[in-house]
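Per-entry structural report
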Amino acid sequence: VTLFVVIVGLAAGVTLCYVYQQNKNSVMLAEKLKEANRKAHRDSLMSIRNAQDTRRHEAEELEIREKSIGNFIKTFYLDAIFGDNSPEIYKASLTPGCLERLAEKLHSHHDDHADETIWHLFAPMGKEHDLPCLRKHLSVSHYMDNWYKVRLVDNGQTEYRYIRALIVDGNVKIDDVR
């Protein structure tokens, strides 16, 4: 009987040891799986945050770019259109394609009206201009893609010009005027 009790006790001890090891392995595996799920979730959140940061950064850069180009167009109008009106001022601010369209327009008029022709390309309004009013109410806003909307108020009338501006060799250039 004693031998039987020892064998049963030994068998019970081996079985309990086996069950304990299995339970211990199962708990460790569950902890590893839980940690892997936590890491995957953290990585997923980090990926989403990085994507959001990238989109926000791109939107901020686009906003800065649009403001910069808008300021360039406004300065262009104040200095070149409402200022000296010398055709030389335009050459540095226009793309070759825009210069070609300007040259075609200039050749279709007499040379003594060159300044007037340039003026009408950018602001086709009447003959008498209220320059202080034009300067005061001039506004430029992003329209779509590379197009900007220029608001001109002259003698109580509002007109809009649409300017396509591009970045060429790191500099803002006016490419088209409508």
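Read on for a plain summary of the structure.

What follows concerns the overall build of the protein. Each helix and strand in the protein was counted, giving five helices and four strands. What you see in the protein, going N to C, is helices and strands ordered as α-α-α-α-α-β-β-β-β. Evaluated residue by residue, the protein yields a buried proportion of 24% over its 178 residues. Of all intrachain contacts in the protein linking residues separated by at least 6 positions in sequence, the fraction that spans at least 24 positions is 49%. For the protein, the accessible surface area stands at approximately 12300 Å², while carbon and sulfur atoms represent 57% of it.

Looking now at the pattern of salt bridges. Per the stated rule, a full pass over the model turns up nine salt bridges. The residue R42 makes a salt bridge to E35 at a minimum N-O spacing of 3.4 Å. The class of E35 is partly exposed, set by a relative accessible area of 38%. Among the charged side chains, a network of salt bridges with common partners joins R101, R164, D175, D176 and R178.

With that settled, consider the packing of aromatic side chains. Counted under the stated rule, the structure contains six aromatic pairs. Between F76 and Y77, the aromatic rings sit 6.2 Å apart at their centres with planes inclined by 80°, giving edge-to-face as the arrangement. With respect to burial, F76 and Y77 carry one shared label: buried. Where Y77 meets F122, the ring centres are 6.2 Å apart and the plane angle is 90°; that geometry is what we call edge-to-face. On the criterion of sequence distance, the pair formed by Y77 in helix α1 (residues 2-84) and F122 in helix α4 (residues 114-122) is long-range, its members being 45 residues apart. A relative accessible area of 0% places F122 in the buried class.

The four strands lie next to each other as β1-β2-β3-β4, forming an open sheet whose pairing is antiparallel. Of all the strands in the sheet, the pair left with one neighbour each is β1 (139-144) and β4 (171-177). Shown here is a sheet whose adjacent strand axes are inclined to one another by a mean of 40°, direction ignored. Bridge count for strand β2 (residues 147-154) against strand β3 (residues 157-168) is eight bridges, and the pairing is antiparallel. If you follow Y148 over to β3, its bridge partner there is I163.

The next thing to look at is the environment of I89. Among the structural elements, I89 can be located in helix α2 (residues 87-91). Linking I89 and F76, residues 13 residues apart in sequence, is a C-alpha distance of 9.0 Å.

About the criteria used
- Residues numbered from 1 in each chain as written.
- Predicted model: local features only at pLDDT ≥ 70, side-chain atom pairs only at ≥ 80, totals over all residues.
- Heavy atoms only, no water.
- Helix = DSSP H or I, 4+ residues; strand = E, 2+ residues; numbered from the N terminus.
- Buried < 20%, exposed > 50% of the residue type's maximum accessible area, 1.4 Å probe, protein only.
- Contact = heavy atoms within 4.5 Å.
- Areas by Shrake-Rupley, 256 points an atom, 1.4 Å probe, with all protein chains shown as cover.
- Salt bridge = Lys/Arg side-chain N within 4 Å of Asp/Glu carboxyl O.
- Phe/Tyr/Trp six-rings, centres within 6.5 Å; stacked < 30°, edge-to-face > 60°.
- Pairing = 2+ DSSP bridges.
- Axes fitted to C-alpha atoms, helices over the stretch in contact; angles between N-to-C directions.

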